[in-house]
Amino acid sequence: LSAVGISELIFLPNSFHPEWIDNVLVSSLNGRSIFRIKFSDTNYDKVLYIEKIFIGERIRDMKYIDDLNLILLFLENSGSLGVLKLSN
């Protein structure tokens, strides 16, 4: 992830989604994507895989909203607000 232009990093709670346990989200300015990084456990010392989720726009910021169990994306070019919510 050295050249993606990291803008935000979120350690997701394991309650976010059953398939996203021990996951971290990294948003990218240059890559116009979110990278979901799956770790072996909460020690975060072994990466199991990295998934690139293409958004198509520079992501300025991300915030996890615990009460709604969703992630807000603040997009730079359009000034839009994106919502990432997974269904169970």
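These lines cover the structure that appears in this document, whether it is placed above or below. Everything numeric in this text was worked out from a predicted model, so none of it was measured.

The rules behind these values
Residues numbered from 1 in each chain as written. Predicted model: local features only at pLDDT ≥ 70, side-chain atom pairs only at ≥ 80, totals over all residues. Heavy atoms only, no water. Helix = DSSP H or I, 4+ residues; strand = E, 2+ residues; numbered from the N terminus. Core = buried A, V, L, I, M, F, W, Y, C linked by side-chain atoms within 4.5 Å. Buried < 20%, exposed > 50% of the residue type's maximum accessible area, 1.4 Å probe, protein only. Contact = heavy atoms within 4.5 Å.

Turning to the environment of V26, a few remarks are in order. Along the chain, V26 turns up in strand 2 (residues 23–28). Between the C-alpha atom of V26 and that of K46, which follows or precedes it by 20 residues, the distance is 16 Å.

Quick look at the nonpolar core now. Nonpolar side chains in soluble globular proteins tend to be buried together. Counting 13 residues, the largest nonpolar core has L12, L25, I34, M62 and I71 as its most contacted members. Those elements that provide at least two residues to this core are strand 5 (59–65) and strand 6 (70–75). If we ignore the near neighbours within four places in the chain, the residues touching L25 are E8, L9, I10, L12, W20, I34, F35, R36, M62, I71 and L84. Of all hydrophobic cores here, the second largest spans five residues; its members include V24, V26, F35 and F39.

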